[in-house]
Amino acid sequence: MPRRGDTGQPTTVAIRLGLDDVPASIPMLVARLAEAGGILRNLSTVRRLDGKPDNAGVEIEVEIEGLAEDELTAAVEGLPGVRSQGLTRSLDRVFGKRVIVVGGGAQVAQVALGAVSEADRHNLRGERISVDTIPLVGEANIAAAVRAVADLPRARLLVLAGSIMGGDITRAARELREHGIPIIALNMVGSITDAVDLVVSDPVQAGTMAVMAVADTATFDLARQRGKRF
């Protein structure tokens, strides 16, 4: 039977596969997993395998919900185009929830300092929280990064760290919040502070509060602080 996590929800199991790099390989794999009762939750390409063009291969990793590990290996056994297989750990069990920090380099570094220090405290208690950062310059680049957070697997919260943000960045922030991802912003110039869940002046404190907001082992409730400034 598939395992269930602490919340009672089914956990995902993961497998890494070497496949023939042809159009039919992945559709056949997905169809076989569906026949076995599995639900595809994530599929990513790990690397291309060296080989001649007429014998090209690709290594992929898939995360499946609804199957136990032995059921997953049995489902892909003997599937045409499968060159190798090996069970691995799903990314939510390794890296867990993700806090994303976007903005100017100096501010991003300070937010990361607070976030990583706080994540360490909770991860020692069994959490899995990772912090991803990208320092960017320019309204268009930052707005694109904000919108892309909605497509990132396991992303739970965004921190905007900068000195001035507005315009399309503000529009992107409102769109992201409609996807259910909360945003914390530093206290800065621009309209962005009117479009986020929480405004924090101290970047280290902002990183700390971001991790506390997503941690199951913390008592901080972002919903109760929504609209406030610190």
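## Quick notes on the side chain of Asp-197
Reasoning step 1: The residue Asp-197 is located in the loop between strand S8 (183–186) and strand S9 (198–200) in this model.
Reasoning step 2: At 3.2 Å, the side chain of Asp-197 and the side chain of Arg-177 are in polar contact.
Reasoning step 3: Only 2.8 Å separates the side chain of Asp-197 from the backbone nitrogen of Ile-183, close enough to count as a polar contact.

## With respect to the sheet that holds strand S4 (residues 82–88)
Reasoning step 1: One open sheet accounts for 4 strands, arranged S2-S3-S1-S4; its pairing is antiparallel. Across the chains shown, the open sheet's two edge strands, defined by having one partner strand only, are strand S2 (39–49) and S4. Going across the sheet, the axis of each strand differs from the next one's by a mean of 20°, ignoring polarity.
Reasoning step 2: With 6 bridges connecting them, strand S1 (residues 12–20) and S4 associate as antiparallel partners. Its bridge partner lying in S4, Gly-18 is registered against Ser-84.
Reasoning step 3: Here helix H1 (residues 25–35) sits on the sheet and contacts S1, S2 and strand S3 (57–65); the angle it forms with S1, its principal contact strand, is near 145°.

## So, helix H7 (residues 203–214)
Reasoning step 1: With 12 residues, H7 ought to run about 16 Å at 1.5 Å a step, and its terminal C-alpha atoms sit 17 Å apart, in line with that.
Reasoning step 2: Along H7, the residues classified as buried are Pro-203, Ala-206, Gly-207, Met-209, Ala-210, Val-211 and Val-214.
Reasoning step 3: Those residues of H7 hidden inside the fold are in contact with strand S5 (97–103), helix H4 (105–123), strand S6 (129–135), strand S7 (155–161), S8 and S9.

## Description of the pairing of S6
Consecutive side chains along a regular strand alternate between the two faces of the sheet.
Reasoning step 1: Across 7 bridges, S5 lies against S6 in parallel orientation. Counted as the bridge partner of Val-99 is Val-131 from S6.
Reasoning step 2: The β-α-β motif built from S5, the intervening H4 and the parallel element S6 has right-handed crossover chirality.

Criteria and cut-off values
Residues numbered from 1 in each chain as written. Predicted model: local features only at pLDDT ≥ 70, side-chain atom pairs only at ≥ 80, totals over all residues. Heavy atoms only, no water. Helix = DSSP H or I, 4+ residues; strand = E, 2+ residues; numbered from the N terminus. Polar contact = N/O pair within 3.5 Å; in protein donor to acceptor, adjacent residues only side chain to side chain. Pairing = 2+ DSSP bridges. Axes fitted to C-alpha atoms, helices over the stretch in contact; angles between N-to-C directions. Contact = heavy atoms within 4.5 Å. Expected span 1.5 Å × (residues − 1). Buried < 20%, exposed > 50% of the residue type's maximum accessible area, 1.4 Å probe, protein only. Right-handed = clockwise from strand over helix to strand, strands pointing away.

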